[in-house]
Amino acid sequence: DLVVSWMRELGLTVTVDRIGNVLGARAGAAALPPVIIGSHIDTVRTGGKYDGNYGVLAGLEVIERLAEAGVVTRHPVAVGFFTNEEGARFAPDMLGSAVHQGELALDLALATAGIDGPTVGAELTRIGYAGETPVGGAVRAAAFLELHVEQGPVLEREGQEIGAVTGVQGISWTELTLHGVSNHAGTTPMSMRTDAGYVAAEISCFVRRLTRELGGAQVATVGHQVFAPNLVNVIPNRVVMTLDLRNTDEQILQQAERQTFAFVEQIAASEGVRVEQRTLARFAPVAFSPEMVARVEAAARAQGRSVRRMPSGAGHDAQMFAPHCPTGMIFVPSAGGISHNVREYTAPAQLVAGANVLLEVVQQVARVD
Ligand code: GLV
Ligand code: MN
Ligand code: MN
């Protein structure tokens, strides 16, 4: 509501679409598709205040600057925030931007249940953001730009001020439910156990070993693991756990998936544990438009900023737009490479530097004649 009020204060035309994405548009001189500056304002429960918000607020700052300077662009310029980028409560991540760009069906997205029960659709209605604007495939953008904190250590470590983002690595999220048999921790011989907790532990260790074997860009995380009945003297009869596998190389990511799922089957069978497997999200690596990467790089240099090209380790709304319009992303450093943590921090001067690169690239693509 607060961001929408700021959009209205800037005189933007605000629309809310059927998946709750909000766009605030400033008219252009011609009836052309908009240049969209977008990101998200949702957060993981333990997240910091920059992830997503920075790109949205910088977008409003760009609009304010254009208005103050009386700049007329040929294309409309819209600032958007997209529903459920994080995916921690409702999987998959980038859900709103995926529906916006026709990558995910609206009905499926609305019916997605959260980890606490309610569906996306019910929650949008509850908060008053089940909008009327049609969505999905038909919504075209002339270009998409997203400014974001890096959320990793590379820029800071290398003393670089700006990242010209070349693309986003592939993401594979899986939920495993392991079914064992509860029994007494003291009386059940080790050879007679069907221990879902043991199998979960082996899987966690396996994916860590796999990253060492595959090397390079392969990362793996078990971020969620819940035991039942979760008691000191009871062998767990159920574990729900998640796997997050990522790689910039689709072939190696597929290999990581194959090896992991084969191990899951083998270790579960050896313990007599039954496995249910559910895909939460699967995105192939995405490359951004070379033209946009070059624009970001050139704008940073022209403003006297040091800049390097780099892939993104995190998922972003921009990756949903990349197949459909020229798309670019700008990174600024994250202190200590910390993100998805309330300690996330980027200094004000670094935030301003990124916003100035955004301002320049927006003016180029929205065409100031
Ligand atoms: C989402 O932002 C992710 O990269 O996990
Ligand atoms: Mn983000
Ligand atoms: Mn995030």
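Before any of the text, the structure's been laid out above.
Residues numbered from 1 in each chain as written. Chains lettered and ligands numbered in written order. Predicted model: local features only at pLDDT ≥ 70, side-chain atom pairs only at ≥ 80, totals over all residues. Heavy atoms only, no water.

K.L.:
I keep staring at the overall build of the protein chain and nothing clicks. Help me out?
P.N.:
Check the secondary structure of the protein chain and you find 11 helices and 14 strands. Taken over C-alpha atoms, the radius of gyration comes to 23 Å for the protein chain, in line with the 21 Å a tight globule of 369 residues would show. Judged by the C-alpha coordinates and their principal axes, the protein chain covers about 80 × 45 × 35 Å. Excluding contacts between residues fewer than 6 apart, the proportion of contacts in the protein chain whose partners are at least 24 apart in sequence is 80%. In the structure as shown, the protein chain presents an accessible area of about 16,300 Å², 54% of it carried by carbon and sulfur atoms. Within the protein chain, the 38 negative side-chain charges are centred at a point lying 2 Å from the centre of the 28 positive side-chain charges. (Helix = DSSP H or I, 4+ residues; strand = E, 2+ residues; numbered from the N terminus. Rg over C-alpha atoms; globule rule 2.2 N^0.38 Å. Contact = heavy atoms within 4.5 Å. Areas by Shrake-Rupley, 256 points an atom, 1.4 Å probe, with all protein chains shown as cover. Lys, Arg positive; Asp, Glu negative; His and termini not counted. Charge placed at Lys NZ, Arg CZ, Asp CG, Glu CD.)

K.L.:
Looking at this model, I keep getting lost on the coordination of the manganese ion (ligand 2). Mind explaining?
P.N.:
A metal bound by six donors in octahedral fashion has ideal angles of 90 or 180 degrees, whereas one bound by four tetrahedral donors has an ideal angle of 109.5 degrees. Around the manganese ion (ligand 2), the protein supplies His40 (NE2), Asp51 (OD) and His148 (NE2) as donor atoms, at distances of 2.0 to 2.3 Å. Mapping the donors of the manganese ion (ligand 2) onto the primary sequence gives the spacing H-x10-D-x96-H. (Donors = N, O, S within 2.8 Å, 3.2 Å for Na, K, Ca; no water.)

K.L.:
How should I be thinking about the packing of aromatic side chains in this particular structure?
P.N.:
When we look at a pair of aromatic rings, we describe it by the centre distance and by the angle of the planes. Inspection of the entire model under this criterion finds 5 aromatic pairs. Where Tyr50 meets Tyr345, the ring centres are 6.1 Å apart and the plane angle is 90°; that geometry is what we call edge-to-face. Of the two residues, Tyr50 sits in the loop between strand E3 (35–39) and helix H2 (53–68) while Tyr345 sits in the loop between strand E14 (327–332) and helix H11 (348–365), which places them 295 residues apart along the sequence. The structure contains a cluster of three or more aromatic residues connected by ring pairs, namely Phe82, Phe144 and Phe321. (Phe/Tyr/Trp six-rings, centres within 6.5 Å; stacked < 30°, edge-to-face > 60°.)

K.L.:
Any chance you could explain the pattern of salt bridges here in plain terms?
P.N.:
Between side chains of opposite charge, pairing is possible as soon as their charged atoms come close. On inspection of all chains with the given rule, the structure shows 12 salt bridges. For Glu158, the salt bridge goes to Arg308, with nearest N and O atoms at 2.9 Å. Within this pair, whereas Glu158 is found in helix H6 (residues 154–158), its partner Arg308 is found in strand E13 (residues 307–312), the two being separated by 150 residues in sequence. For Glu158, a relative accessible area of 38% corresponds to the partly exposed category. For Arg309, the salt bridge identified is with Glu297, shortest N-O distance 2.9 Å. Of this pair, Arg309 sits in strand E13 while Glu297 sits in helix H9 (residues 290–302), placing them 12 residues apart in sequence. Accessibility expressed as a relative area gives 15% for Glu297, which makes it buried. Within the structure, one salt-bridge network assembled from shared partners comprises Arg89, Asp116, Glu123 and Arg126. (Salt bridge = Lys/Arg side-chain N within 4 Å of Asp/Glu carboxyl O. Buried < 20%, exposed > 50% of the residue type's maximum accessible area, 1.4 Å probe, protein only.)

K.L.:
Help me understand the coordination of the manganese ion (ligand 3), please; the structure alone is not making it clear to me.
P.N.:
Asp51 (OD), Glu86 (OE), Glu86 (OE) and His340 (NE2) make up the full set of protein donors to the manganese ion (ligand 3), lying at 2.1 to 2.5 Å. Each donor residue of the manganese ion (ligand 3) lies on the same chain, and together they follow the pattern D-x34-E-x253-H. Between the manganese ion (ligand 3) and the manganese ion (ligand 2), both coordinated by Asp51, there is a metal-metal distance of 3.7 Å. Of the two residues, Asp51 is situated in the loop between E3 and H2 and Glu86 in the loop between strand E4 (77–81) and helix H3 (95–100); the sequence distance between them amounts to 35 residues. The same class applies to Asp51 as to Glu86, namely buried.

Taken by themselves, the reported measurements are silent on function.
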